[in-house]
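Summary of structural features
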Protein chains: 2
Amino acid sequence: MYRAGIDLGGTNIKAGIIDENHKILAQTSAPIGVERPAEEVIADMAVLVRQLMDTLGMDESMLAGIGVGCPGLVDADVGVVRYSNNISWENVALVKELGNYFSCEIRISNDANCAALGEVKAGAAKNVSNAILLTLGTGVGGGIILDGKVFEGSNAGGAELGHISMILGGEPCTCGRRGCVETYVSATALIRDAKRAAAANKKSLLNQMCGGVLEHMNGRIPFDAALAGDKVAKEVVENYYTYLAEAVANYVNIFRPDVVILAGGVCNRIGCLTTSVEEHLSFLCYGGDRAFVPPVRCAILGNHAGMIGAANLITVHRSREQNE
Amino acid sequence: MYRAGIDLGGTNIKAGIIDENHKILAQTSAPIGVERPAEEVIADMAVLVRQLMDTLGMDESMLAGIGVGCPGLVDADVGVVRYSNNISWENVALVKELGNYFSCEIRISNDANCAALGEVKAGAAKNVSNAILLTLGTGVGGGIILDGKVFEGSNAGGAELGHISMILGGEPCTCGRRGCVETYVSATALIRDAKRAAAANKKSLLNQMCGGVLEHMNGRIPFDAALAGDKVAKEVVENYYTYLAEAVANYVNIFRPDVVILAGGVCNRIGCLTTSVEEHLSFLCYGGDRAFVPPVRCAILGNHAGMIGAANLITVHRSREQNE
C-alpha cells in the first residue's frame, strides 16, 4: 500500500506519495496562494494527489490514506485546523473537506509533529521509538514522538515546545507571552542578538561580515565570525548554545526521549551545534549520569521530513519481508 | 481483587490495601529509619503488607499486586530506585527485593506520579484520563497521567516537572541548575521570598506575623498578611501566583491535560490559589480561547493520594457491576 503526504507551508503545497519503505515515489508542488479561500487550497491539494496517482498509474484502492501537515494549531482528533497565522486559516475542517475528494483515510497534524515523525520513521531517529524534534527557524516548532506515534497533547494546543517560557518577562513572543523558548533559540532570535551585539561593538567582525548593514545579518554570520576568532561573535554563539541546551534539557527532564533531533536552517549549517548542546546537556539534565541523557542529532531529511511524516500519520502494516 | 499501595517517604513507610473502588480497607505505617540498609526497609514493607492482609483475613491469591511510590529518580521499567536523596538510596532493585516476599505483581513509580494517579483514579480528577499534578512542598514534584496511566518518560529521569528552568540563571536549585520551577513555586521558595521581603521592609506585617523572627516564617503568613492588606505581602503573593501560573501554562502548552491539580501544603491552606492561577492561565496558554484551557483544581486525597495511586500502578479489570 502507498500513502500520500502533504506538507502545507506558507508558500507552497507540497505533496508526495511514499511506499512502505518511506521512499518518495513521486512528488509535486503548487503555490498555496494564502489569499484564497481554504476550500480552493484544499481542492488544489486533491488535484496534486490525483496527479501523482496518475503519474504512478495508481487507483485509490492502492492508497492507504492521506496525511497532511499544517502550520499552526491543529486539532488532530477532530481533523480541524483551529488557527494558522501563516496561511490565514481559522477553524478549517480540513479532514472533512479533503474527504469530499477521496474515500481513503485522511489524518492531519501540526507540521513540526510531521517533521518529527518523518525523522523517526525514515531519518535521523530511524529505529528509535521516542524522540523530540525542534525546528529552529523563523519560530521554533516542536514535535514529540512517543512509541512511534505523534504525541499531540490530550487536547488541542499541546506539543507547543517553542512556547515554554525559559526567561520569565524576557523577550516578547508572537504568542503574547514573554521569554518563550522561541524568543531565544529560533534563527530569528539568533539574528536579533547578533544585530544587537554588532550595534554595540562597531569593530566586531559581525559588522564587517554584513557589510556594515545590520539588515543583512543572517544566521550564519555569527558562527562564521566566531570561527574567525571574533570575541563578540563568540559570546553571541556561546549564549545561543546555552539557551538551546537549557531548552533541550527541559524537554529531556520531561520526556527522556531516546534521541533529540534539531532541524532548520541554523542546524543545517553548523557542524558543531549538536556536540555543543550535548556537552551542556550532561550537566543540565536531572539526575546527571544516574539517568539517561539522550544523544542530540541533526535532522537529515530536510524538506522531505514533513511530507514523509505526514504520510506516516496513516499507519500501514508492513509485511514481514519488507521489515527484514 | 485487592491491591496494596505503599507510600515511601522521608520519615515513614505508609501501606494500605484498597478495593476495586479505591476504598482503603486497612492501613498502617512504620518509621523508615533512613540510616538503615535498604534491605531492612524493604523487609519492613513486606511485614506491613502481611499485617494488613492478616487484619483483613486475606491470602495472597486475593492480592492482585503491590505498588510502591518512592521519592527520587525511579526506573519503573526495570523496577529500580536509581537515586533518592530523601531516603539515601542508590540503585536499589526494589521490585526484585520486595519480590522475595510475594509472588504477586509488584510495580514502582515516583511518589509524585503516584499522587497524580491517585487523584485521577479517586480524587480531584476522577473521571478524566489526562491530568498534570504539581505538589508544592519542600520541592516541587510532578506527575503526568496520560490515558489513565502514569507517564514516566521514555527512559529513567522523565516527568521531572519541578526541574524545568523558567528563569535562566535564577535561584540555585538542588538539582544543580539555576532557575528551575522548584526554586520559584515550592513552599520553600515562597518562604524564602517572604523572608527577603520582610527583611527589606521592616514595617511589613510579614515581620509582625512571624514575631520579628524571620526563621518563624511559614507558607501561610504571606497569604494571611496579604489578606490583611499588607502591601509587601501582596507583592510576594502576586509574584508567587505569577510564577505558578507561568509554570502551569508551560505544562499546558506541552500536554494540554483535561485538568491541572495542585497539591501540597501551600494549596491546602489557600482557597483562592486555583482561581488566581486560572485567571492568569487564560492569557498565558498558547492559542488562547482557540485551544482548550484546562481547569485548575486542588488535590483532595491529601496524604492518601500516594498510597491509592501506588496501588493503582497495578491494573485490575473491574466487573461491569462495579463500574456502574
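The notes below deal with the structure included here. (Residues numbered from 1 in each chain as written. Chains lettered and ligands numbered in written order. Predicted model: local features only at pLDDT ≥ 70, side-chain atom pairs only at ≥ 80, totals over all residues. Heavy atoms only, no water.)

**Examining helix α8 (residues 231-255) of chain B**
Residues and elements named next belong to chain B. Keep this limit in mind: A helix here means a DSSP run of H or I that spans at least four residues, while a strand means a run of E at least two residues long, and both kinds are numbered starting from the N terminus. Helix span is expected to be 1.5 Å times the residue number reduced by one. The cut-offs for exposure are 20% and 50% of the maximum accessible area for each residue type, with area from a 1.4 Å probe on protein chains only; residues under the lower value are buried, those over the upper are exposed, and the others partly exposed. Polar contact criterion, stated in full: a pair of N or O atoms within 3.5 Å, where within protein one must be able to donate a hydrogen and the other to accept it, and residues adjacent in sequence count only if both atoms are side-chain atoms.
Over its 25 residues, α8 extends 36 Å from the first C-alpha to the last, a length consistent with the 36 Å expected when each residue adds 1.5 Å. Counting buried residues along α8, 19 of its 25 residues qualify, which places the element largely inside the surrounding structure. Between the side-chain oxygen of the N-cap and the backbone nitrogen of valine 232 there are 3.4 Å, and the N-cap of α8 in question is aspartate 230. Arginine 256 occupies a position one or two residues after α8 and carries a positive phi of about 40°.

**Examining the relation of the copies chain A and chain B**
The relation between the two copies of this chain is a rotation about an axis and a shift parallel to it. Applicable threshold: The superposition of copies rests on a least-squares fit of C-alpha positions from residues with pLDDT of 70 or more in both. By the convention used here, residues are in contact when the closest approach between their heavy atoms is within 4.5 Å.
For the match of chain A to chain B, the screw axis carries a shift of 0.0 Å, the RMSD comes to 0.0 Å, and the turn is 180°. With respect to symmetry, the two chain copies, as superposed, fit the operation of a two-fold axis. Comparing interface residues between copies, 98% of those in chain A also lie at the interface in chain B; the contact surface is shared.

**With respect to the packing of helix α5 (residues 187-200) of chain B against α8(B)**
All names here are of chain B. The criterion, for reference: Axes here refer to lines fitted to C-alpha atoms; in helices the fit is confined to the stretch in contact. Angles between the N-to-C directions go from 0 to 180 degrees. For this classification, under 35 degrees means roughly parallel, over 145 means roughly antiparallel, 65 to 115 means roughly perpendicular, and everything else is oblique. Helix crossings get a hand from a simple test, with the near helix turned counterclockwise from the far one by less than a right angle marking a left-handed crossing and a clockwise turn marking a right-handed one. Any residue outside Ala, Val, Leu, Ile, Met, Phe, Trp, Tyr, Cys, Pro, Asp, Glu, Lys and Arg is labelled polar, Gly included; the first ten of those are nonpolar and the last four are charged.
Relative to each other, α5 and α8 sit at 150°, their axes nearing to 10 Å. When the interaxial angle is binned, α5 and α8 end up roughly antiparallel. Classified by chirality, the crossing of α8 by α5 is right-handed. Packed against α5, whose contacting residues are Leu190, Asp193, Ala194 and Ala197, the element α8 presents Val232, Val236, Tyr240 and Tyr243 at the interface. Of the residues in the contact of α5 with α8, the class split is seven nonpolar, no polar and one charged.

**Looking at the sheet that holds strand β1 (residues 2-8) of chain B**
Residue and element names in this part refer to chain B. The condition that has to hold: Two strands are counted as paired when DSSP detects at least two bridges linking them.
The five strands are arranged β3-β2-β1-β4-β8 in an open sheet whose pairing can be described as mixed. Lying at the two open borders of the sheet, with one neighbouring strand each, are β3 (24-31) and β8 (105-110). Between one strand and the next, the sheet's axes are offset by a mean angle of 15°, whatever the strand orientation. Sheet topology places strand β2 (residues 12-18) next to β3; seven bridges connect them, and they run antiparallel.

**Observations concerning the state of the cysteines**
Residue and element names in this part refer to chain A. This is how it is decided: Disulfide: a pair of cysteine sulfur atoms within 2.5 Å of each other.
Taken as a whole and judged by the stated rule, the model has zero disulfides over all chains. Cysteine 104 takes part in no disulfide bond, and the closest cysteine sulfur, belonging to cysteine 70, lies 15 Å away. Looking at cysteine 104, the relative accessible area reads 14%, which means it is buried. With no disulfide of its own, cysteine 180 lies 3.7 Å from the sulfur of cysteine 175, the closest cysteine sulfur.

**Concerning the interface of chain A and chain B**
Using the following cut-off: The quantity reported as buried area is the accessible area (1.4 Å probe) lost by two parts once they are put together, taken as the sum for both. By definition here, a salt bridge exists when the distance from a side-chain nitrogen of Lys or Arg to a carboxyl oxygen of Asp or Glu is within 4 Å.
At the interface, 43 residues of chain A touch 42 residues of chain B. By the criterion of area lost to chain B, the three top residues of chain A are A:Ile254, A:Tyr286 and A:Arg290, representing 20% of everything that side buries. Our count for the contact surface shared by chain A and chain B stands at four salt bridges. Between B:Glu246 and A:Arg177 there is a salt bridge whose closest N-O contact spans 2.6 Å. Counting only elements with at least two residues in the side of chain A that touches chain B, the list comes to β6 (80-84), β10 (140-146) and α8 (231-255) of chain A. The element best represented in the side of chain A that touches chain B is α8(A), accounting for nine residues. Here the side of chain A that touches chain B is built from residues that sort into 23 nonpolar, twelve polar and eight charged.

**Quick notes on the environment of B:Thr183**
Residues and elements named next belong to chain B. Inspection of the secondary structure assignment puts threonine 183 in helix α4 (residues 182-185). Judged by relative accessible area, which is 6%, threonine 183 ranks as buried. C-alpha of threonine 183 to C-alpha of isoleucine 167: the two residues are 16 residues apart in sequence and 9.4 Å apart in space. The contacts of threonine 183, once residues within four sequence positions are left out, are Glu171, Pro172, Cys173, Ala189 and Arg192.

**Digging into helix α10 (residues 273-284) of chain A**
All names here are of chain A. Counted only if it meets this: For this quantity, the arc is that covered by the directions from the helix axis to the C-beta atoms.
Under the 1.5 Å per step criterion, the end-to-end length of α10 is 16 Å for twelve residues, consistent within 8% with the ideal 16 Å. Those residues of α10 that fall on the buried side of the exposure criterion are Leu273, Thr274, Ser276, Val277, Leu281 and Leu284. Viewed along the axis of α10, the buried residues span an arc of 155°, placing them on a single side of the element. Pointing more than 90 degrees away from the buried face of α10 are the exposed residues Glu279 and Phe283.

**Some points on the packing of α8(B) against helix α10 (residues 273-284) of chain B**
All names here are of chain B. Taken N-terminus to C-terminus, the directions of α8 and α10 make an angle of 55°; their axes are 8 Å apart at the nearest point. As summarised for this structure, α8 and α10 are arranged oblique, according to the angle between their axes. For the pair α8 and α10, the crossing hand works out as right-handed. Together, Glu238, Tyr240, Tyr241, Thr242, Leu244, Ala245, Glu246, Val248, Ala249 and Asn253 of α8 and Leu273, Ser276, Val277, His280, Leu281 and Leu284 of α10 make up the contact between the two elements. Of the residues contributing to the contact of α8 with α10, the split by class is ten nonpolar, four polar and two charged.

**Re empty space enclosed by the protein**
Residue and element names in this part refer to chain B. What counts here: Put simply, the grid is 1 Å and covers the protein atoms alone, a cavity is a trapped set of points that fit a 1.4 Å probe, a pocket is an open set with protein on both sides within 12 Å along at least five of seven lines, and lining residues have an atom within 4 Å of a point. Grid points are joined across faces, edges and corners, and a volume is the space filled by probe spheres set on the points.
Across all of its chains, the model carries one cavity of 30 Å³ or more by this definition. Approximately 30 Å³ is the volume found for the largest cavity. Lining the largest cavity, in full, are Tyr184, Leu190, Asp193, Val236, Asn239, Tyr240 and Tyr243. Of all the secondary structure elements, the ones that give two or more residues to the lining of the largest cavity are α5 and α8.

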